[in-house]
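# Fold and geometry: a report
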Amino acid sequence: MKLDLRPLLAGDRLLTFDYELPLDISSEDAGSFLYGVGFPSPMKVKGEITNTAGYMRMTLSASVEYRTECARCLAPVSGEFNLDLEKTVAPRNLLGDLDEDRLDDYAIIEDGFLDLDGQLTEQLEMEFPVRFLCREDCRGLCPRCGKNLNEGECGCETKEIDPRLLPLQKILERMKEENKK
Ligand SMILES: [Zn+2]
Ligand SMILES: [Zn+2]
């Protein structure tokens, strides 16, 4: 949603908003930060912008349901993610000489409007966890047979050989074979 801030710019003191933002971020795009995450329902957004003698401040809170999978065992994981955002709101022409880093602290008004959806998706990408676990101590999958180790041992040799030692191990095996001859 683009918020019409012209009334605030003209002197109104308060603007409230309460709406739902469907997240059509492509979870299939492997380059996306949210790759592999599904959002089955729209993000619920509620907040306000106050205007105190020209100084505008936005506070909002948003929540969204997500579905993804455990980074270790691939079991489905779902939950609700909450986002709180507080920013100073200002027209671009007043921020003219700020550099890009500082601009991130502001919600910028362009031609009287604020792109709230853009602010929200940007913030979500910044704050959403990179990976989820089904539980803190998830044991993951066996790297050899793929069995889910939360369901029990698989019987594979669990001691992993350091890949750097593999060539050495091959030499030792060959020596053993030679000795047999
Ligand atoms: Zn897991
Ligand atoms: Zn195994």
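So, here's what we can say about the structure. (Residues numbered from 1 in each chain as written. Chains lettered and ligands numbered in written order. Predicted model: local features only at pLDDT ≥ 70, side-chain atom pairs only at ≥ 80, totals over all residues. Heavy atoms only, no water.)

## Overview of the pairing of strand β4 (residues 55-69)
For the record, the criterion: Two strands pair if DSSP finds at least two bridges between them. Secondary structure counts use DSSP, requiring at least four H or I residues in a row for a helix and at least two E residues in a row for a strand, with both numbered from the N terminus.
Here strand β3 (residues 43-52) runs beside β4; their pairing, made up of 9 bridges, is antiparallel. The residue of β4 that forms the bridge with E48 is T59. Where β3 folds back onto β4 in an antiparallel hairpin, the turn is made up of 2 residues, including A53, whose phi is positive at roughly 50 degrees. Sheet topology places β4 next to strand β5 (residues 76-91); 14 bridges connect them, and they run antiparallel. When the sheet's bridge partners are listed, R67 is paired in β5 with S78. Hairpin geometry of β4 and β5 is characterised by an intervening segment of 6 residues between the two adjacent antiparallel strands and by a positive phi of about 70 degrees at L74.

## Here's the deal with a nonpolar patch on the surface
Let me state the cut-off plainly: Each patch is built from residues that are more than 30% exposed by relative accessible area and take part in no salt bridge. Like charges join if they lie within 9 Å; nonpolar side chains (Val, Leu, Ile, Met, Phe, Trp, Tyr) join within 5 Å. Residue burial considers only the protein chains on display, and all accessible areas are found by Shrake-Rupley using a 1.4 Å probe. Any carboxyl oxygen of Asp or Glu that lies within 4 Å of a side-chain nitrogen of Lys or Arg is treated as forming a salt bridge with it.
On the surface, a nonpolar cluster with roughly 370 Å² of combined accessible area is contributed by L168, I171, L172 and M175. Residue placement: L168 occurs in helix α4 (residues 166-180).

## Remarks on the pattern of salt bridges
As a reminder, the rule being used: Relative accessibility thresholds used throughout: buried, under 20% of the residue-type maximum; exposed, over 50%; partly exposed, between the two (1.4 Å probe, protein chains only).
What the rule picks out here adds up to 5 salt bridges. Across the pair R57 and E86 runs a salt bridge whose closest N-O atoms are separated by 3.5 Å. Of this pair, R57 sits in strand β4 while E86 is found in strand β5, placing the two residues 29 residues apart along the sequence. Of the charged contacts in the structure, one is a salt bridge between R92 and E110, with a shortest N-O distance of 3.1 Å. On the criterion of sequence distance, the pair formed by R92 in the loop between β5 and α2 (100-103) and E110 in strand β6 (residues 106-110) is long-range, its members being 18 residues apart. Judged by its relative accessible area of 39%, E110 is partly exposed.

## Brief notes about the packing of aromatic side chains
The criterion, for reference: Between rings of Phe, Tyr and Trp, where Trp is taken as its six-membered ring, a pair exists when centres lie within 6.5 Å; planes separated by under 30 degrees are stacked, by over 60 edge-to-face, and by other angles tilted.
A complete count under the given rule lists 5 aromatic pairs for this structure. Ring centres of F39 and F128 lie 5.7 Å apart, and the angle between their planes is 65 degrees; on these two criteria the pair is classed as edge-to-face. Pair noted here: F39 is in the loop between β2 (14-21) and β3 and F128 is in the loop between α3 (116-127) and α4, with a separation of 89 residues, a long-range link. Given a relative accessible area of 14%, F39 falls into the buried group. A relative accessible area of 2% places F128 in the buried class. Between Y66 and F128, the ring centres sit 5.4 Å apart and the planes meet at 85 degrees, which makes this aromatic pair edge-to-face.

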